[in-house]
Amino acid sequence: MLFRSTGTPNSPIRLYTTAGVRAIEAAALAQGLPLMARAGVAAADLAESILTSEAAPGSRVLVVAGPGNNGGDALVCASELRRRFYRVSVVFTGGAARLPEDAAAALRDWQAGGGDTHSDIPAPGQWDLVIDGLFGIGLARPLEGRHASLVGHINALGLPVLALDIPSGLHSDTGAVLGCAVRASHTLTFIARKPGLYTLDGPDHAGTVHCATLGTEAWTEQAPCGYLLDAGVRAALPPRPANFHKGMAGDVAIIGGAAGMVGAALFFGDALLTPAVTVLSAIEGLNTATPAFEPLTVPLALGVLIGLFAAQRFGTAGVGRFFGPITLLWFVVLFVLGIYQIGRAHV
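Definitions and cut-offs
Residues numbered from 1 in each chain as written. Predicted model: local features only at pLDDT ≥ 70, side-chain atom pairs only at ≥ 80, totals over all residues. Heavy atoms only, no water. Axes fitted to C-alpha atoms, helices over the stretch in contact; angles between N-to-C directions. Helix = DSSP H or I, 4+ residues; strand = E, 2+ residues; numbered from the N terminus. Parallel < 35°, antiparallel > 145°, perpendicular 65-115°, else oblique. Left-handed = near helix turned anticlockwise from the far one by under 90°. Contact = heavy atoms within 4.5 Å. Nonpolar A, V, L, I, M, F, W, Y, C, P; charged D, E, K, R; others polar. Patch = residues over 30% accessible without salt bridge, like charges linked within 9 Å, V, L, I, M, F, W, Y side chains within 5 Å. Areas by Shrake-Rupley, 256 points an atom, 1.4 Å probe, with all protein chains shown as cover. Salt bridge = Lys/Arg side-chain N within 4 Å of Asp/Glu carboxyl O.

Caption draft 1: Seen up close, the packing of helix α3 (residues 69–83) against helix α4 (residues 101–112). In contact at an axis separation of 8 Å, α3 and α4 are set at 30° when each is read in the N-to-C sense. Judged by the angle between their axes, α3 and α4 are roughly parallel. Note that α3 runs across α4; the crossing there is left-handed. Where α3 approaches α4, its residues N69, G72, L75, V76, A78, S79, R82 and R83 are matched on the opposing element by A103, A106, L107, D109 and W110. Of the residues contributing to the contact of α3 with α4, the split by class is 7 nonpolar, 3 polar and 3 charged.

Quick look at the structure:
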């Protein structure tokens, strides 16, 4: 198997932008690594694993291949699955003359083995798995027209979907949906994991994410754009003893604040600091910025309860007669002071 499903506590999962993956890809290709062939075999391995666990062996597979290298990966996968005696139908949306070299070779291999292609999803069709190879990480424009219709058709089939590299229509850096996007149950991403699989709309479209590094580990040691915070981070935290006191909790690190998204980190930091200031003021007892609130809580509550009782017992007009003018004025003043103290306590 060429795909890897999870990281380990001692090897945090690195994330790479499209530009970072392209750089790794270029370096690997310069050394002669057959990346598309490896990607297709890795996809066939995972597809077979899904079919074995979610459907009957020998099931039918629908492969949707687009006009670029992502489509080439899908075509290699289709040929490999056919060699394993799966019944494969291929929808191809590109033009043979305009395909990149490796993708064109993958199409010729599929056709040389007797495979044909459809321009649209055939009807009626019965499949047990759909492989999405329409578009990969190079997509930067909203899907429309024929390709948007294909995405809608794939989603409407209600079948398990394996997306190659990234679900078609999903931006690999941001996780934004570009017009529409395939909703996959599994995504096999190649070379390295992309931020868009885990941010914004990514988690709702990627399903279970697997990674096939395709033998590029020597180049993925370069600095990533970030790391995936998962069980490995939690495992690095020291366990809390049963006899634990709040004074033993240590410090808090706030990790967040992507471009344009610093609000949550700031609000959380402010929430952490506010109790600390309150405790400090209570200990020092001098020049406190937070006025004493607790002494007013009991009389305020009593005033409200008595007022409600009087209103229910004597009616609104009888409240003044029940309390008397002086007592009523006292409760009004107490109520206003209580509201004022609550407002200051929350500034």
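Back to the write-up after that little detour.
Caption draft 2: Quick peek at a nonpolar patch on the surface. Together, V252, I254, F268 and L272 line one region of the surface with nonpolar side chains, adding up to about 340 Å² of accessible area. Residue placement: V252 occurs in the loop between α7 (231–236) and α8 (263–284).

Caption draft 3: Structural context of the packing of helix α2 (residues 35–54) against α3. It is at 8 Å that the axes of α2 and α3 come closest, and there the two elements cross at 55°. One way to sum up the angle between α2 and α3 is to call them oblique. Where α2 crosses over α3, the two elements pack in a sense that is right-handed. Together, M36, A37, A39, G40, V41, A43, A44 and A47 of α2 and N69, G72, D73, V76, C77, E80 and L81 of α3 make up the contact between the two elements. Of the residues belonging to the contact of α2 with α3, the class tally is 10 nonpolar, 3 polar and 2 charged.

Nothing here speaks to function; it is all geometry.
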